[in-house]
Amino acid sequence: MNQIVWGYKDRQTIFFGPLQPFAVEMGPVSIKQQLITMKYPLYLVLVLLLGVSQSACTDKCTETRVFKRFTPVLLTANQIRQNIGTEAVRTLQAPGKIYTKNGFLFINEIKEGIHIVDNRNPEAPKMVSFIRIPGNGDMAVRNNILYADSYMDLVAFDISDVTNIRPIKRINNVFPSGQFNGGSWFVNSVTGDVHDQRIDYVKDEIQTNCEEGINPTNWMFNTLAFDSRSMSAAPSTGGVQQTTNGTAGSMARFALYDNYLYTVNSSELQLFDIQNPAEPKTGNKVQLGWGIETIFPYGDKLFIGSQSGMHIYDNRNPQKPERMSVFEHARVCDPVVVHGNKAYVTLRSGTNCQGFTNQLDVVDISNLFRPKLIKSYPMRNPHGLGIDFPNLFICEGAYGLKTFDASDAQNIDKNLRENIDNIDAYDVIPLGKSLLLIGRDGFYQYDYSNPRKLRLMSKIPVQRPGAVS
Amino acid sequence: MLSLTSEAQTLPKRLPFVNYTEVGGLFGRVISGTQNNKVVENKTNLTVQTLNGVKLTKRLAVGALVGLDWYNSALLMPVGAGLRFQITRPSDRNVSVFASTDAGYGLTWLNKSSTGYFVKGGLMLNPGIGLRLGKPGRGCLLLTLSYKHQQAQVEKPLRWNEVMRYETRQYNRLAIRLGISI
C-alpha cells in the first residue's frame, strides 16, 4: 500500500514518495503544531491586513456637478435703448438661438445681440458683423427686415446691406417679462427699469454615500386634455404672399406667418402686424397660460410648447389664433416640431423646468382637437429638435446630438442612426441637405446626405474667456 | 536507448485544472457630507466569484475569473485573471495558506439603474490571503480574506439649475469569503 506521509524532522521536511519501499511512518502532526511552525511573517501579514482594513475599507465617491448661480442685475431703460448699434465681428461666447435666411446665419449671443454670418459657402462660413442689442434672445427675418427683441422692446432692423445694418423702428414695452437660461427678468412698471439676473456656471464637488439617493415620487403624470370648442368659420386671408421668411429652430419664440409676427413670452402670445414689414404695429394679445416656451407654425396651425403642455392653435384667421386643444404633460420644458399628422415634443428637466422627466413624446395630431400620445421614449436631457422626415434630430444638451429614423413611430429608439456625443447641442435647423446646430461649444454645420454618418462641414467655435466648459 | 518514432514527440504535460469558487461579503464604510457634517454609513454587500484555471507549478495556479458584486447602487460583474500562490510548502497536509491576486474589469452587463443614472464599470483589484482546508488533490474548503478595490463611474440626472452631474466611485472593501476549491 502506498502511503505518503510528511512530517518534520529537525525543521526539515522529509518527503516520502509513493514508490519508496521504506516509508517511515510518523504520527500525524497536530494542527496546533502545524500552525505554530508557520513562519512568523505570515502572522504579521495577517495582522497588517486587518489593521490596514480598518482605515482603508472606506468607499470614496465624489460627485462633480456644474450648476448655474444667479446674481441680480439692474438695467435702466435708457441703458438698454441707447446701447444698440453695429459692431465689429466678435467671437461666439454664449450662443443662443439660430436663424437662417438666404444663405445668411443669424446667431444670437444671449442678451448681447446677433452675430451675422455669411454662410453662402457652408464649408467656410464668414462672420460679417455683430449687432449689439441688449437683452436679445430671439429674431425673425421677413424680406430684408430683421425683428429682434431687446428686453421689453421689439426692434426692426434693415438688413438689405449686411455691412450696414441700422435699426429702423422700435416698439416700446411690448414684453413685460422673460427669461434667459433659467434666469428671469421683468420690467418694473413704475421706474421702467429691468430687473435681470446674471448667470455664472459654478463647478463643485461633494463626497457622497455612493448611492442613488432618490425618493420615488408619484406625482408625474401624462394626461391628455382636449378642447372640443367648434371653430369659427372665419375665412383665411388667402392671396399669394410675395414675402419670404427665414427659418428658425425649435427653441424659437418668434414665428412669422402671413402678415404677422407671432411672439410668445412666458404667458401670452403677442402678435405684431407686419403688413408693412418696415413698420411693425402691435397687434392682438392672446393669453396662453403659464410657462410658455416655444412656438412652431405648421401650415395654418400654431404649436406652442409650454411647461404644462403643448398647445395647438388654429391660425386660419391669422390675427386671431384660436385654441383647439392642449396636450398636457408633466411639468417640464418642451419644444415641439411637427410633420404630417405627428408632433414630436421633447421634455426635459433642469433649469426652470422643474420636473425630472427627460423624454421624447410622439403625439398623433390627425385630430387636432384630440391629440393622442403614440409613444414616449426616454432621453438624457433633450433640448431642441428638428425634423426632415424621416430624419429626426434631437439635441441632448451636454450629451450631444442624436439622429433617428422616425418612419416607424413605435420604434424610434431602435432606429438611432448616429449619436455624436462629444459636442453640446442646444438646437438644430435641418435645411434639406445641411444641418445647422448650435450648442455651448459653438456652431456646427453638418452634411446629412448620409444620415448614418453626418459629415462636419464647418464649425464656428465658442471662445469664452475663463469659463467652465 | 530511446527510439525516436514519429509518435514519441513530447506532448505538453497536461496541467491540472484548478477551481476556486467563493461566496461571501464585502464589508466597508462610506463617509459623506462635509468636514463638519459627516455622515458615516456601514456597507455590506454580497460577492460571489469563480476562478477556473490551471496549476502551473506546485505552488502557483493561474486562472480566469468571473464574479458578481452586488453593491447597493451597482451590480458589477468583474471579469479578469487571478493568481493563487501557495505560501506554505506543498505537501500532504490538510491545511495550507495561499496568497491571491486578482485583477479585472467590472462589467455592468447585469446592472439596472434608476432613470437618469448610467453606470460604467471600471478597474477591479483584489489582493488577499486565504486558507485551504482539506486533502490536497481532493475538494477543499476555502476561507479567504482580501481587499477589494473597484472603480466605477455614474452619470446622474440633472436637477434644477444643473448642467452637468457625474460621480466617480471607488469601492474599497474587506472581502471575507467561503468557498470550495479543487
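Residues numbered from 1 in each chain as written. Chains lettered and ligands numbered in written order. Predicted model: local features only at pLDDT ≥ 70, side-chain atom pairs only at ≥ 80, totals over all residues.

1. Thoughts on the overall build of chain A
Scanning chain A from terminus to terminus reveals three helices and 37 strands. Of all 469 residues assigned to chain A, the portion counted as buried reaches 41%. Contacts in chain A between residues far apart in sequence, at least 24 positions, make up 49% of those at least 6 positions apart. (Helix = DSSP H or I, 4+ residues; strand = E, 2+ residues; numbered from the N terminus. Buried ≥ 20, exposed ≤ 12 C-beta atoms within 10 Å, placed from the backbone. Contact = placed C-beta atoms within 7 Å.)

2. Let's talk about the overall build of chain B
Helices and strands together make up the secondary structure of chain B, namely zero helices and nine strands. Over its C-alpha trace chain B gives a radius of gyration of 21 Å, far above what one expects of a compact globule, namely 16 Å for 182 residues. Over its C-alpha atoms, taken along the principal directions, chain B stretches across nearly 85 × 40 × 25 Å. For chain B, with 182 residues in total, the buried portion stands at 32%. (Rg over C-alpha atoms; globule rule 2.2 N^0.38 Å.)

3. Some thoughts on the confidence of the model for chain A
Residue and element names in this part refer to chain A. Scored by pLDDT, chain A has a mean of 80; 79% of the residues are at 70 or more. Between residues 1-26, whose pLDDT stays under 50, and residues either more than four places distant or in other chains, the model counts 25 contacts. Low pLDDT, under 50, characterises residues 217-241; the stretch is placed with 35 contacts to residues that sit more than four places away or in other chains. (pLDDT = per-residue confidence, 0-100.)

4. Overview of the nonpolar core
One broad rule of soluble globular proteins: the nonpolar side chains tend to lie buried together. In this structure, Met139(A), Ala140(A) and Tyr147(A) are the most contacted members of the largest nonpolar core, which totals 89 residues. If near-sequence neighbours (up to four positions away) are discounted, Tyr147(A) is found in contact with Met139(A), Ala140(A), Leu154(A), Ala156(A), Phe254(A), Leu261(A) and Pro280(A). Among the nonpolar cores identified, the runner-up in size contains eight residues, and Tyr71(B), Leu76(B), Val119(B) and Ala152(B) belong to it. (Core = buried A, V, L, I, M, F, W, Y, C linked by C-beta atoms within 7 Å.)

5. Considerations on the interface of chain B and chain A
The interface is formed by 45 residues belonging to chain B together with 42 residues belonging to chain A. Residue composition of the side of chain B that touches chain A, grouped by class: 19 nonpolar, 14 polar and twelve charged. Examined bridge by bridge, strand β3 (residues 58-75) of chain A and strand β9 (residues 162-181) of chain B share eight bridges and lie antiparallel to one another. Opposite Arg65(A), over in β9(B), you have Arg165(B) as the bridge partner. (Nonpolar A, V, L, I, M, F, W, Y, C, P; charged D, E, K, R; others polar. Pairing = 2+ DSSP bridges.)

6. Focus: the sheet that holds strand β7 (residues 113-118) of chain A
Residue and element names in this part refer to chain A. If you walk across this open sheet you meet the six strands as β4-β8-β7-β6-β5-β17, and the pairing is antiparallel. Since the sheet does not close on itself, it has two edges, and those belong to β4 (85-87) and β17 (247-248), each with one partner. As paired elements, strand β5 (residues 95-101) and strand β6 (residues 104-109) share five bridges and run antiparallel to each other. Bridged to isoleucine 98 within β6 is isoleucine 107.

7. A short note on the environment of Val66(A)
Residues and elements named next belong to chain A. Among the secondary structure elements, valine 66 is positioned in strand β3. Of the residues examined, valine 66 has 18 C-beta atoms within 10 Å and is grouped as partly exposed. Taking C-alpha positions, valine 66 is 4.3 Å from lysine 203, a pair spaced 137 residues apart along the chain.

8. Notes on the sheet that holds strand β27 (residues 342-347) of chain A
All names here are of chain A. Sheet architecture is open: four strands sit in the order β26-β27-β28-β29, paired in antiparallel fashion. Sheet topology places β26 (336-339) and β29 (372-378) at the edges, where each strand pairs with a single neighbour. Each strand of the sheet is rotated relative to its neighbour by a mean of 20 degrees, with strand direction disregarded. Alignment of β27 against strand β28 (residues 359-364), held across six bridges, turns out to be antiparallel. Across the sheet, alanine 343 pairs through a bridge with valine 363, a residue of β28. (Axes fitted to C-alpha atoms, helices over the stretch in contact; angles between N-to-C directions.)

9. Quick notes on unusual backbone geometry
Negative phi values dominate among residues other than glycine, just as trans dominates among peptide bonds. Residue and element names in this part refer to chain A. Residue proline 390 is bonded to the preceding phenylalanine 389 through a cis peptide linkage, with omega at 0 degrees. Of note, cysteine 210 is a non-glycine position whose phi angle comes to about 65 degrees, a positive value. Mapping cysteine 210 onto the fold places it in the loop between β15 (194-208) and β16 (225-226).

10. Details of the pairing of strand β20 (residues 268-273) of chain A
All names here are of chain A. Where strand β19 (residues 260-264) meets β20, five bridges bridge the pair, whose relative direction is antiparallel. Each residue of the ladder has a partner; that of threonine 263, found in β20, is glutamine 270. Two strands pair when backbone bridges link them, and β20 and strand β21 (residues 281-287) are joined in this way by five bridges, in the antiparallel orientation. Note on β21: the bridge partner recorded for aspartate 273 is lysine 281.

11. Brief notes about the environment of Ile87(B)
Here Ile87(B) lies in the loop between β4 (74-86) and β5 (95-107). With 92 residues separating them in the primary sequence, Ile87(B) and Gly179(B) have C-alpha atoms 18 Å apart.

12. Some remarks on the pairing of strand β30 (residues 385-388) of chain A
With four bridges joining them, β30(A) and strand β31 (residues 391-395) of chain A adopt antiparallel strand pairing. Bridge pairing in β31(A) links Asp388(A) to Asn391(A).

13. Structural notes on the environment of Arg440(A)
Residues and elements named next belong to chain A. For arginine 440, the position within the fold is in the loop between β35 (434-439) and β36 (442-447). What makes arginine 440 partly exposed here is the crowd of 19 C-beta atoms within 10 Å. In the structure, arginine 440 is positioned 17 residues away from isoleucine 423 in sequence and 8.3 Å away in space, judged by C-alpha atoms. Those residues in contact with arginine 440 that sit more than four places away from it in its chain are Asp424, Tyr426 and Val462.

14. Considerations on the confidence of the model for chain B
Chain-level pLDDT for chain B is 89 on average; 93% of the residues reach the 70-or-more range. Interface confidence for the predicted complex, given as ipTM, is 0.85, next to a pTM of 0.72.

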